[in-house]
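Coordinate inspection notes
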Amino acid sequence: MALASNLRVLGLVLAISSLVYLFYFIQVATLSPYEVDTNGVGYSSGHVGGDASSDADSGATTGNSGDASGDPDGDSTGGSIGEGSGDWDEEYTNFRAAMDEINFFSEVKTAPSHKNRTLPEFCYSPNATLNLLVFVSYDGMYNKIIQHINQYPDGLRRAHHNYNVEVWGPGFEGFDEKILLAQNVERRFGRKDYFHIIYVLYALDRTKDDVKSIGDNSMVFRLTAEMRRRKETLFKAVGHVIIGVYAQEVPMWAEELIPKGVNIVSIPWLFNKDMINGDVEAPRPVDVTFMATKGGKFYPYREVLYQASEILRKKGYNVTNTQVDKGGKANWQSSTNGREYYNEYLERLRSTKIFLTTSSVCGYMVGKYGEAMASGAMLLGTVPDEMPNIWEHTMAVIPKGLTAEQIAEEIEKYLRDEDKIKRIAKRGQEFAHTKLEVDQIGKLFRKLYVDWKCWNVRQSIYVPYSFYYNQDMYFPGSPHYIHLGEEYNRIFGEANRKCVARCPKE
C-alpha cells in the first residue's frame with residue numbers, strides 16, 4: 001500500500017513538472033519578440049502579427065499570431081529588429097515602448113444593451129454598416145498634388161470597417177452641378193439622409209452651400225492642413241467635425257471654431273501601405289535623396305539640407321536632389337499629372353538609402369516623414385513637434401543649427417554602416433505601416449460618428465497623441481474629449497497666442 005501511494009505521489013509530481021516545463025516552453029516559443037534570420041540581419045516581418053486584421057473598436061488582432069503584448073490600436077504588423085542580443089535588442093525594445101505610447105483611439109462607447117431598440121443599430125453594434133460619401137470633384141480625386149490624401153477612400157473601403165463607401169461629386173457621372181449636394185443624394189439614393197457620414201476630401205467653391213444643404217441629416221467631416229492659411233474658407237463651411245493633421249493647430253483655433261457647434265480632432269498624415277511600401281533589404285542604388293520646394297520663411301532649413309546633398313554629390317556619392325522655387329512645381333508635384341508623377345516620386349523613395357527632410361518653423365510633421373519611412377528609406381532630418389518620443393527610434397535625428405558640412409559628415413557616417421541604415425529604416429517602416437497607416441481613418445470616423453450621434457458629444461477637442469505646441473510647452477495627449485472652459489484653459493492657457501505667433505504670416 002505504501003509503495004502504491006508513493007508511486008502515485010511520484011506520478012503526480014512528474015505530471016506537474018511536465019506541465020510547468022510545457023508552459024515554459026510554449027511561453028518562450030510564442031512570446032519572444034526576436035527572430036534571427038539566416039542572413040544575420042535579424043529582422044523578422046510577417047511572423048509576429050503578419051497582416052492581422054483588427055477589430056476597429058476593441059483593438060483585438062485576428063490574423064496570424066498577432067502581437068503577444070497586445071497592440072492598443074489592433075493594427076500591429078509585428079516584426080522585430082536585432083540580432084537577438086545586445087544593443088539591437090535594446091533598440092527595438094525601446095522603440096516598441098515608444099510605439100505603445102501612441103494610441104489614437106479610446107474604445108468606441110456603445111449602448112449598454114443590444115436590446116435597447118430606441119437607438120439606431122450602430123449605437124450598440126460596433127459592426128453595423130455605415131454609409132459614407134467621400135465628397136470630392138473628379139479633378140480633385142485624380143489630379144491633386146497631395147496624392148496620399150486620395151488613398152484615404154481605399155482605407156475606408158477595407159472590409160473590417162463595415163462602410164458602404166461612395167466616391168462622388170462634381171465631374172463624376174450622375175452628379176448634377178446645377179443642384180446642391182443634398183438634392184443630388186436624394187435623387188440618386190432615394191433620401192437626403194442616406195449617408196451617415198459625408199467626408200469632404202477637398203473644399204470646392206460650392207462647399208459652403210453643399211454643406212449647408214445637408215444640415216444635420218448626415219455628419220460632415222472636413223480634413224484640412226494649415227488652418228491658418230485656410231481660415232476664411234474653413235470657417236464658412238465647417239460641417240460637424242474638422243480634422244486637422246497638425247496637432248498644434250487644434251487648440252490654436254478651438255475658441256473660434258467650437259462655438260460654431262463643431263468638434264475639432266487631430267490625426268497626423270496617414271498613408272496606404274498597399275501603395276507606399278518598399279523592401280528595405282532590396283538594392284537601393286541612390287545614396288541620398290532630397291526633394292522639396294525651396295524653403296522660404298516656413299522651411300529655411302531646407303536650403304541647408306540641399307547644400308549638404310550637393311557636398312556629397314561632389315564627393316562622388318550617388319545623389320538625387322530636386323529643388324524648385326516656391327510656386328514652381330517639379331514633375332512629381334505636377335497638378336495636371338498628379339497621380340503619374342506621384343508614382344515617380346514613390347519610386348525615387350524606394351530607390352534611395354537615405355531621404356532628407358525637415359519640419360517647418362511651425363514644427364509640423366509634413367507628409368514626407370511618413371512617405372519616406374513607409375517606402376523603406378532611412379529618414380534623416382529634424383524632429384517635428386508631433387509625437388516627439390518616437391522619432392529617435394525611427395529616423396536619424398539631426399538638430400537644427402548644424403551647417404551643411406556637418407550634416408554631410410553625419411550622412412557619410414551612416415553610409416559607411418548600411419546595417420545601421422537598415423535597422424533604422426525597418427523601425428521607421430513599422431511605425432509608418434501601423435500608426436500612420438490609412439486604416440486609422442476608418443476607426444476614427446466610426447468613433448466620432450457614434451460619439452456625436454449616440455452620445456451627443458459636441459463642441460469639443462480630441463487630440464489623443466502628444467505634441468509640443470510652442471517649442472517648450474508639452475501636451476501629453478489625451479484619449480478623451482476636452483471641452484472649452486476650465487479644463488481647456490488649464491491645459492492650454494495662453495499657449496495658443498504664442499503658437500500662432502510662432503508661425504509667420506503669409
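Here the structure is a predicted model, which is why all the values come from computation and not from measurement. (Residues numbered from 1 in each chain as written. Predicted model: local features only at pLDDT ≥ 70, side-chain atom pairs only at ≥ 80, totals over all residues. Heavy atoms only, no water.)

With that settled, consider the overall build of the protein. Regarding its fold elements, the protein presents 18 helices and 15 strands. In the protein, which comprises 506 residues, the share counted as buried stands at 55%. Residue pairs at least 24 apart in sequence account for 68% of intrachain contacts in the protein once pairs closer than 6 positions are excluded. Accessible surface for the protein amounts to roughly 22400 Å². Of this, 50% is attributable to carbon and sulfur atoms. (Helix = DSSP H or I, 4+ residues; strand = E, 2+ residues; numbered from the N terminus. Buried < 20%, exposed > 50% of the residue type's maximum accessible area, 1.4 Å probe, protein only. Contact = heavy atoms within 4.5 Å. Areas by Shrake-Rupley, 256 points an atom, 1.4 Å probe, with all protein chains shown as cover.)

Taken together, the 8 strands give an open sheet; going across it, the order is β2-β1-β3-β4-β5-β6-β12-β15, and neighbouring strands pair in mixed fashion. For this open sheet the edge positions go to β2 (163-168) and β15 (482-483), each flanked by a neighbour on one side alone. Two strands pair when backbone bridges link them, and strand β4 (residues 219-224) and strand β5 (residues 241-244) are joined in this way by 4 bridges, in the parallel orientation. What sits directly across from Arg222, in β5, is Ile242. Set on the sheet, helix α6 (residues 181-189) makes contact with β1 (130-135), β2 and β3 (197-200); between it and β2 the angle comes to about 120°. Running at roughly 135° to β4, helix α16 (residues 439-455) makes contact with β1, β2, β3, β4, β5, β6 (263-266) and β12 (460-462) of the sheet. (Pairing = 2+ DSSP bridges. Axes fitted to C-alpha atoms, helices over the stretch in contact; angles between N-to-C directions.)

As used in these notes, a disulfide is a covalent bond between sulfur atoms, one from each of two cysteines. Tallied over the entire structure, the rule returns 1 disulfide. Note that Cys123 is cross-linked by a disulfide to Cys454, the S-S spacing being 1.9 Å. An S-S torsion of about -90° defines the bridge between Cys123 and Cys454 as left-handed. Remark: Cys454 occurs in helix α16 and Cys123 occurs in helix α3 (residues 121-124); sequence separation between them is 331 residues. (Disulfide = S-S within 2.5 Å.)

A separate point is the nonpolar core. Counting 114 residues, the largest nonpolar core has Tyr199, Trp269, Met387, Phe431 and Phe445 as its most contacted members. The greatest single-element share of this core, amounting to 8 residues, is contributed by α16. Contact partners of Tyr199, with chain neighbours within four places excluded, come to Leu132, Leu133, Val134, Phe135, Ile149, Tyr152, Leu156, Phe221, Leu223 and Phe445. By size, the runner-up hydrophobic cluster in this structure holds 24 residues, among which are Met378, Ile411, Leu415 and Ile421. (Core = buried A, V, L, I, M, F, W, Y, C linked by side-chain atoms within 4.5 Å.)

All right, on to the packing of helix α2 (residues 87-100) against helix α15 (residues 418-432) then. Running from amino to carboxyl end, α2 crosses α15 at an angle of 20°, the nearest separation of the two axes being 11 Å. Classified by the angle their axes make, α2 and α15 are roughly parallel. When you trace α2 past α15, the crossing you get is right-handed. Contact with α2, carried on its side by Trp88, Glu91, Tyr92, Phe95, Arg96 and Met99, involves Asp419, Arg423, Arg427, Glu430 and Phe431 of α15 and no other residues of that element. A class-by-class count of the residues in the contact of α2 with α15 yields 5 nonpolar, no polar and 6 charged. (Parallel < 35°, antiparallel > 145°, perpendicular 65-115°, else oblique. Left-handed = near helix turned anticlockwise from the far one by under 90°. Nonpolar A, V, L, I, M, F, W, Y, C, P; charged D, E, K, R; others polar.)

Moving on, we get to the packing of aromatic side chains. The full count for this structure, using the stated rule, is 21 aromatic pairs. Ring geometry for Phe104 versus Tyr465: centroids 5.4 Å apart, planes at 75°, classification edge-to-face. With Phe104 in the loop between α2 and α3 and Tyr465 in the loop between β12 and β13 (467-468), this residue pair connects regions lying 361 residues apart in the sequence. Taken as a pair, Phe104 and Tyr465 share a single burial class, namely buried. A network of ring pairs unites the aromatic residues Phe135, Trp168, Phe175, Phe189, Tyr194 and Phe195 as a single cluster. (Phe/Tyr/Trp six-rings, centres within 6.5 Å; stacked < 30°, edge-to-face > 60°.)

Function cannot be read off these values alone, since they describe shape.
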